[in-house]
Amino acid sequence: MARGIDIGDEVAITATVRRRVTEDRVSVSIPSYGFPHSIVDRTSKVTKGQPVELIGDITHIDGEWVTLNLGVPVTVNIDTLRLVTAYKPPTRKTPLVDKPT
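Residues numbered from 1 in each chain as written. Predicted model: local features only at pLDDT ≥ 70, side-chain atom pairs only at ≥ 80, totals over all residues. Heavy atoms only, no water.

### Remarks on the side chain of N77
Working step 1: Take N77: it is sitting in strand β6 (residues 73–77).
Working step 2: In this structure N77 comes out as buried when scored by relative accessible area, which is 14%.
Working step 3: Side-chain polar atoms of N77 contact the backbone nitrogen of D79, separated by 3.1 Å.
Working step 4: Those residues in contact with N77 that lie beyond four places of it in its chain are S32, E64 and W65. (Helix = DSSP H or I, 4+ residues; strand = E, 2+ residues; numbered from the N terminus. Buried < 20%, exposed > 50% of the residue type's maximum accessible area, 1.4 Å probe, protein only. Polar contact = N/O pair within 3.5 Å; in protein donor to acceptor, adjacent residues only side chain to side chain. Contact = heavy atoms within 4.5 Å.)

The structure is reproduced here in structure tokens:
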């Protein structure tokens, strides 16, 4: 299980190419996601069965199910994810309130 994953983290999931839909789109199969998904692929010539890494941000966590944004919301099992970058909230350089005079 991918521990330490929280909302806002950037994660990666490995999908498998199913087929080429159009000249610039490819249909992929995402593990534990029951629907087909297509991605834009203009630069490379991927083939059927080739693994492709998709990167997105986590928007919702519900137990062992995680929703991430890949252009559209995709809900997958947390075991299929790999942490790329942990979310770090922005820091303030100036205080929120003015100093008393």
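### Concerning the environment of R42
Working step 1: Summarising the element assignment, R42 is placed in the loop between β3 (37–40) and β4 (51–62).
Working step 2: Each C-alpha atom of the pair R42 and V26 lies 9.3 Å from the other, and the pair is 16 residues apart in sequence.

### Quick notes on the pattern of salt bridges
Pairs may arise between side chains of opposite charge once their charged atoms sit close together.
Working step 1: Counted under the stated rule, the structure contains two salt bridges.
Working step 2: Its salt-bridge partner being D41, residue R20 comes within 3.2 Å of it at the nearest N-O pair. Pair noted here: R20 is in strand β1 (residues 10–20) and D41 is in the loop between β3 and β4, with a separation of 21 residues, a long-range link.
Working step 3: Residues E53 and R82 are paired through a salt bridge, measuring 2.6 Å at the closest nitrogen-oxygen approach. Linking E53 in strand β4 with R82 in strand β7 (residues 81–85), this pair joins segments that are 29 residues apart in sequence. (Salt bridge = Lys/Arg side-chain N within 4 Å of Asp/Glu carboxyl O.)

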